[in-house]
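# Structure assessment
Given next are the chains, with one letter for each unit.
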Amino acid sequence: MDFKQLGEFALIDLIKVDAIHNKDNVVIGIGDDAAALIPAPHQLQLVTTDMLVEMVHFDLSTTSAWQLGYKSIAVNLSDIAAMGGKPTHVVISIALPSYLSVDFVVSLYEGMKEICHEFGVNIVGGDTVASPNGLVINVTAMGEVDPKNLQRRSGASVGDLVVVTGALGDSGCGLELLQQGTWTEHEFFQPLVLRHVTPRPQVAAGAMLASFGSTSMNDISDGLASEVNEIAAASQVGIRIYAKMIPLSAEVCAAAGALGKDGLEYALYGGEDYQLVFTIPSQQLSLISQADLGIKLTVIGEVIEQRHGVLLVDEEGVELQLEPKGYDHFRQ
Ligand SMILES: Nc1ncnc2c1ncn2[C@@H]1O[C@H](COP(=O)(O)OP(=O)(O)O)[C@@H](O)[C@H]1O
Ligand SMILES: Cc1ncc(C[n+]2csc(CCOP(=O)(O)OP(=O)(O)O)c2C)c(N)n1
Ligand SMILES: [Mg+2]
Ligand SMILES: [Mg+2]
Ligand SMILES: [Mg+2]
């Protein structure tokens, strides 16, 4: 069915179904001039927004409506995770081109509701408009954090370790496989593509690491090189990371080999892994290791004095400046 047949208001009625998972903190959700929410006592309110634009962030020939819905929420929850917080609500705005169908929108929201359900997040509002050209999705996520666990980019100190969650580079490699149309050629390509189209935000890890005393944190949306440079600039420190220590999955190593590429390049510059990079004193990190929290953590470097800048020790042991050349919207 096309949007004309159904109309804007009936479409919103479809969106409204199953939008609220946690009734305790919502007085008014979808259906009034604004949502009315109950803030948690003694918590800081977090607000973040990321927009996804067709052919900039996604290509509808390589991602399904469901996957796109899931990812649109995931990238926003990832920013709440990087503040050490717990996501609570989202507001979703969509600009719909006429070549999409009502079924597409229903499926988009099924993906959104799946991840919202998984993380206990309510959809409390949004906006629905027509687009003359291309699908645009904007999500605003809200969350809460105990003030003592708030994670900034600016808290790193000389001597802290630099650590990442998970493995890096899968998403950038998955994107390249999708763009080349070669992702069906090998079985080990498929997990990479899935990590690109349906990334999992590291919400539990962010809150846990914060409670164990991480000093700064960033989520990896534009690539590790860019994110560590942001921490270094905000904290007025230098950072040294070691190429050999950067965790790469077996799949990205195999795929990079097949493509004649270097897996490390995807990790440093590919982006969209939505893992966390953080700094932490070594004593605090050993407490986390002892607690065995089931989160994959890898030390990749250390915080050094600002005058050294941001450095990468390459696989041959040569120290180079690590330029913040991740994804830049105006330099692609
Ligand atoms: N158009 C804008 N208006 C106001 N603030 C913005 C705008 N774009 C980005 N920001 C702010 O700039 C900072 C960095 O944004 P961004 O690089 O997108 O962060 P992230 O990579 O964590 O999503 C954030 O505080 C964000 O809210
Ligand atoms: C069709 C398509 N082309 C290119 C990319 C790669 N890409 C687009 S945006 C982006 C970086 C992350 O998005 P951004 O809007 O910068 O998020 P933020 O850093 O604000 O969280 C990357 C790697 C993609 N995912 N899909
Ligand atoms: Mg952003
Ligand atoms: Mg971020
Ligand atoms: Mg972001």
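Residues numbered from 1 in each chain as written. Chains lettered and ligands numbered in written order. Predicted model: local features only at pLDDT ≥ 70, side-chain atom pairs only at ≥ 80, totals over all residues. Heavy atoms only, no water.

### Comments concerning the site of ligand 2
Taken together, the neighbourhood of ligand 2 is formed by 13 residues, with D50, H57, S221, E272 and H329 sitting nearest. Backbone polar atom of V56 to a nitrogen atom of ligand 2: 3.3 Å apart, as the coordinates give it. H57 has a polar side-chain atom sitting 2.8 Å from an oxygen atom of ligand 2. Compared with its free state, where it exposes 590 Å², ligand 2 has 85% of that area covered by protein. The residue inventory of the shell around ligand 2, partitioned by class, reads four nonpolar, six polar and three charged. (Near = heavy atom within 4 Å. Polar contact = N/O pair within 3.5 Å; in protein donor to acceptor, adjacent residues only side chain to side chain. Areas by Shrake-Rupley, 256 points an atom, 1.4 Å probe, with all protein chains shown as cover. Nonpolar A, V, L, I, M, F, W, Y, C, P; charged D, E, K, R; others polar.)

### Digging into the packing of helix 8 (residues 224-235) against helix 10 (residues 263-270)
Taken N-terminus to C-terminus, the directions of helix 8 and helix 10 make an angle of 45°; their axes are 5 Å apart at the nearest point. The angle between helix 8 and helix 10 falls in the class oblique. Facing helix 8, whose interface residues are L224, A225 and S226, helix 10 presents A267, L268 and Y269. Looking at the contact of helix 8 with helix 10 residue by residue, the classes come out as five nonpolar, one polar and no charged. (Axes fitted to C-alpha atoms, helices over the stretch in contact; angles between N-to-C directions. Helix = DSSP H or I, 4+ residues; strand = E, 2+ residues; numbered from the N terminus. Parallel < 35°, antiparallel > 145°, perpendicular 65-115°, else oblique. Contact = heavy atoms within 4.5 Å.)

### A few points about the site of ligand 1
Near ligand 1 you find D50, D79, R153, D219 and S221, and these make up its full shell. Within the contact set of ligand 1, an oxygen atom lies 3.3 Å away from a side-chain nitrogen or oxygen of D50. Contact between ligand 1 and S221: an oxygen atom at 3.4 Å from a side-chain N or O atom of the residue. Bound to the protein, ligand 1 loses 28% of the 560 Å² it would expose on its own. Here the shell around ligand 1 is composed, by residue class, of no nonpolar, one polar and four charged.

### Quick word on the coordination of the magnesium ion (ligand 4)
For the magnesium ion (ligand 4), the full set of protein donor atoms is D79 (OD) and D219 (OD), and the range of their distances to it is 2.0 Å. Metal-to-metal, the separation of the magnesium ion (ligand 4) and the magnesium ion (ligand 3) is 5.8 Å. Of the two residues, D79 sits in helix 3 (residues 65-81) while D219 sits in strand 8 (residues 216-219), which places them 140 residues apart along the sequence. No difference in accessibility class separates D79 from D219, as the two residues are buried. (Donors = N, O, S within 2.8 Å, 3.2 Å for Na, K, Ca; no water. Buried < 20%, exposed > 50% of the residue type's maximum accessible area, 1.4 Å probe, protein only.)

### Here's the deal with the pattern of salt bridges
Side-chain pairs of opposite charge can arise where the charged atoms are in close proximity. Scanning the model with the defined rule gives twelve salt bridges in all. Ionic pairing is found between E302 and R240, a salt bridge with its closest N-O pair at 2.8 Å. Of this pair, E302 sits in strand 11 (residues 297-304) while R240 sits in strand 9 (residues 238-242), placing them 62 residues apart in sequence. The class for E302 is partly exposed, based on a relative accessible area of 21%. Owing to a relative accessible area of 18%, R240 belongs among the buried residues under this scheme. (Salt bridge = Lys/Arg side-chain N within 4 Å of Asp/Glu carboxyl O.)

### Points about the coordination of the magnesium ion (ligand 5)
When a metal carries six donors in an octahedron, the ideal angles between them are 90 or 180 degrees, while four donors in a tetrahedron ideally lie at 109.5 degrees. Within the protein, the atoms that donate to the magnesium ion (ligand 5) are D50 (OD) and D79 (OD), at distances of 2.1 to 2.2 Å. The metal-metal distance between the magnesium ion (ligand 5) and the magnesium ion (ligand 3) is 3.5 Å, with D50 serving as a donor to both. Here D50 is found in strand 3 (residues 44-53), whereas its partner D79 is found in helix 3, with 29 residues between them in sequence. D79 gets classed as buried once you look at its relative accessible area, which sits at 18%.

### As for unusual backbone geometry
Although it is not a glycine, M55 sits at a positive phi angle of roughly 70°. For M55, the position within the fold is in the loop between strand 3 and helix 3. We note that E272 has phi near 65°; this positive angle belongs to a residue other than glycine. With respect to the helices, strands and loops of the structure, E272 is situated in the loop between helix 10 and strand 10 (276-280). For E272, a relative accessible area of 15% gives the class buried.

### Here we look at the UniProt feature "binding site: Mg(2+) 1" (unreviewed entry) in the chain
The positions UniProt marks with the feature "binding site: Mg(2+) 1" (unreviewed entry) are T49, D50 and D127. Among the residues examined, D50 registers a relative accessible area of 28% and is labelled partly exposed. Excluding its chain neighbours within four sequence positions, the residues that come into contact with D50 are V75, N76, D79, I137, N138 and V139. In this structure, D127 sits in strand 5 (residues 122-130). For D127, a relative accessible area of 44% translates into the label partly exposed. (UniProt positions renumbered as here; feature names shortened; annotations may be inferred.)

### Describing the side chain of D314
Assignment of secondary structure puts D314 in the loop between strand 12 (310-313) and strand 13 (319-321). For the buried D314, no salt bridge is present, and the opposite-charge side chain at shortest range is K244, 8.1 Å distant. Of the polar contacts made by the side chain of D314, one reaches the backbone nitrogen of E316; its length is 2.9 Å. (Lys, Arg positive; Asp, Glu negative; His and termini not counted.)

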